[in-house]
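# What the coordinates show
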Amino acid sequence: MPRIRVKKSGPLKGSIKIDGAKNAVLPIIAATLLANGKCVLNSVPNLRDVHVISDLLRYLGAEIEYKDNVLTVDTSNINTYEAPYELVKKMRASFLVMGPLLARFNHTKISMPGGCAIGTRPIDLHLKGFKALGATIEMDHGFVEARTDSLKGNKLYLDFPSVGATQNIMMASVLAEGVTTIENAAEEPEIVDLANFLNEMGASVRGAGTNTIKIKGVKELHGAEHTIIPDRVEAATYMVAAAMTKGDVVLENVIIDHLKPVIAKLREADVTVEEGENSIRVIGPEAIKPIDVKTLPHPGFPTDAQAQFMAMLTVADGTGVVIETVFENRFMHVTEFNRMGANIKIDGRSAVVNGVKELVGADVTATDLRAGAALILCGLIAEGTTNVGEIYHIQRGYVDIDKKFRALGGDVSIVED
Ligand code: UD1
């Protein structure tokens, strides 16, 4: 099994380019199912999750080509509305094909997504949306089946601004009759990117990026070309790396606006952040000032950057508190951090992080995607060598993470046992 070996490295220095956003491209690939024709997506990151959803679309009958970060999808010949367990179990985001398939066929049957290390992650809000649009839902033998004579626009309220539910309901409603209003919708930049793509295909989606989204149904959608937004979580990860190693790093291809909560919290920790047009420079301080972090739906602090910030706080000059409000079980990395000499105590959804002078290298395990990246961050400043196992989690969401760190002077490599 491959591992990522990280040795203590000096301050990271130099510049790297941020790839297209994983969490934006996955729903957008699912949305191509709505078009009767060919879609061209630019700036598509070469990630495991992208290949997983591409395989699912191929199974459904799509023709897909991927070269030089351009993904071409032709969904003219989609011939089934059923997504099997073997393909859905690999990635929870596969469930995002449900909305588009329901819109296209008025009928779909998808294997229920499995549990996940960071929480139970139910699908009740997705289904609440489909029901509001007039679908009947049945659950049987691990599958969820939705069918209708025709979808009709409606007004619905999400109990929590779920990113996936907002996306699935948006995609189900673009071809519905009449107007759909989603209240308490998620406001993440990835929602806006999906809305832009749907509109480029001929849909009428207004209000994405606010908590009320209105979708006026249209008769049909056509193929479109779209460029995926940069990955704000990948950017946040390298920003923290620069801060922790007292480095000086420039990240190209970022949208500053998407990074607001991350920038604000880094500045609070005494990190220097210089905002460019499409780039950002991060200079680490002599000592990280302890800060408190509370994860919230956008525009609050992103849960996907929680583990990385906690990694930074392990060596802060004092005590910080991290509160996780989005997922109920997203502190799996704490045990691994503590194995590296961190001093963190958990009480429910809060973690008290007492800064220590230094971390020490150890054999650790990536428990999920962002936790895995955070362990690499710890390894960069830990005495000796850190070996991170289960790196497939990390490869789901970071393009060439070893090469990008090496380009900045970090001693990070993938090694076979
Ligand atoms: C997406 C992101 C993930 C990110 C998360 C929150 C993708 C592919 N993944 O995941 O990286 O961490 O947003 O920003 O974009 N919930 C319900 N019922 C539902 C749906 C969700 O109770 O039907 C709950 C979840 O259990 C969780 C919370 O809502 O506690 C947030 O989940 P959600 O926003 O749906 O996250 P995802 O779309 O799965």
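Model, not experiment: these values are computed from the prediction. (Residues numbered from 1 in each chain as written. Predicted model: local features only at pLDDT ≥ 70, side-chain atom pairs only at ≥ 80, totals over all residues. Heavy atoms only, no water.)

### Description of the overall build of the chain
Condition: Counting from the N terminus, the helices are DSSP H or I runs at least four residues long and the strands are E runs at least two residues long. When we talk radius of gyration, it's over C-alpha atoms, and the globule rule is simply 2.2 Å times the number of residues to the 0.38. Per-residue accessibility, obtained with a 1.4 Å probe over protein chains only, is compared with the maximum for each type, and a residue is labelled buried under 20%, exposed over 50%, and partly exposed between these values. Contact definition: two residues touch when any of their heavy atoms are within 4.5 Å. Charge assignment in this entry is limited to Lys and Arg as positive and Asp and Glu as negative, and neither His nor the chain termini are counted. Positions of charges follow a simple convention, taking NZ of Lys, CZ of Arg, CG of Asp or CD of Glu.
Scanning the chain for helices and strands turns up 14 helices and 24 strands. Taking 2.2 N^0.38 as the reference for a compact globule, 417 residues should give roughly 22 Å; the C-alpha atoms of the chain span a radius of gyration of 21 Å, in line with that estimate. In terms of its C-alpha atoms, the chain occupies a principal-axis envelope of roughly 65 × 45 × 40 Å. Relative to its full complement of 417 residues, the chain shows a buried share of 57%. For the chain, the proportion of contacts with a sequence separation of at least 24, taken over those separated by at least 6, is 72%. Between the averaged position of the 44 positive side-chain charges in the chain and that of its 52 negative side-chain charges there is a distance of 1 Å.

### Quick notes on the site of the ligand
Applicable threshold: When at least one non-hydrogen atom of a residue lies within 4 Å of a molecule or strand, that residue is treated as near it. Polar contacts, as counted here, are pairs of nitrogen or oxygen atoms within 3.5 Å of one another; within protein the pair requires one atom able to donate a hydrogen and one able to accept it, and residues that are adjacent in sequence qualify only if both atoms are side-chain atoms. Only the protein chains shown count as cover for residues, and all accessible areas are computed by the Shrake-Rupley method using a 1.4 Å probe. The nonpolar class holds Ala, Val, Leu, Ile, Met, Phe, Trp, Tyr, Cys and Pro. Asp, Glu, Lys and Arg form the charged class, and all remaining residues, Gly among them, are polar.
Around the ligand, a shell composed of 18 residues is seen, among which D124, L125, S162, D304 and V326 lie nearest. Between an oxygen atom of the ligand and a side-chain N or O atom of R92, the distance comes to 3.5 Å. Here an oxygen atom of the ligand sits 2.8 Å away from a polar atom, N or O, in the main chain of G164. Here the ligand loses 86% of its free accessible area of 740 Å² to cover by the protein chains. Put simply, the parts of the chain that give the shell around the ligand at least two residues each are α5 (124-132) and α6 (163-173). At three residues, α5 tops the list of elements feeding residues into the shell around the ligand. Across the shell around the ligand, the residue classes break down as eight nonpolar, five polar and five charged.

### Here we look at the domain arrangement of the chain
Quick reminder of the rule: Here the limits of each domain have been adopted from an automatic or database domain assignment. Defined here as a combined quantity, buried area equals the accessible surface (1.4 Å probe) lost by two parts on assembly, summed across both.
Each assigned domain of the chain is listed with its residue range as follows: domain 1 (2-19 + 230-416) and domain 2 (22-227). For domain 1 versus domain 2, the distance between C-alpha centres works out to 30 Å. With 24 residues of domain 1 at the contact, the number on the domain 2 side is 19 residues. Among the residues of domain 1 in contact with domain 2, H298, F327 and R396 are the three that bury the most area, contributing 29% of the side total.

### What to know about α6
Of all the 11 residues making up α6, 10 are buried; the element is thus mostly covered by neighbouring parts of the structure. Among the residues making up α6, those that are buried are G164, A165, T166, Q167, N168, I169, M170, M171, A172 and S173. Residue S162 occupies the N-cap position of α6, its side-chain oxygen lying 3.5 Å from the main-chain nitrogen of G164.

### A word on the packing of aromatic side chains
This is how it is decided: Each pair of aromatic rings taken from Phe, Tyr and Trp, with Trp reduced to its six-membered ring, is defined by centres within 6.5 Å and is described as stacked if the planes are under 30 degrees apart, edge-to-face if over 60, and tilted in the remaining cases.
Tallied over the entire structure, the rule returns three aromatic pairs. Arranged with centres 4.8 Å apart and planes meeting at 80°, the rings of F301 and F309 form a pair that is edge-to-face.

### What to know about the pattern of salt bridges
Where we set the bar: Salt bridges, as used here, are contacts in which a Lys or Arg side-chain nitrogen is within 4 Å of a carboxyl oxygen on Asp or Glu.
Applying the stated rule across the entire model yields 19 salt bridges. Close ionic contact of D248 with R281 constitutes a salt bridge, the shortest N to O distance being 2.7 Å. Taken together, the positions of D248 in strand β15 (residues 248-252) and R281 in strand β17 (residues 279-283) put the pair 33 residues apart, joining distant regions of the chain. Relative accessible area serves as the criterion here: at 30%, R281 is assigned to the partly exposed category. In this structure, K265 and E268 form a salt bridge, with 3.1 Å as the shortest nitrogen-oxygen distance. Note that K265 and E268 are positioned in helix α9 (residues 260-268) at a spacing of three residues, about one turn of the helix. When salt bridges with common partners are traced through the structure, they connect D19, E234 and K404 into a single cluster.

### Overview of the side chain of T295
Assignment of secondary structure puts T295 in the loop between β18 (293-294) and α10 (306-313). Judged by its relative accessible area of 0%, T295 is buried. At a separation of 3.0 Å, a polar atom in the side chain of T295 contacts the side chain of E324.

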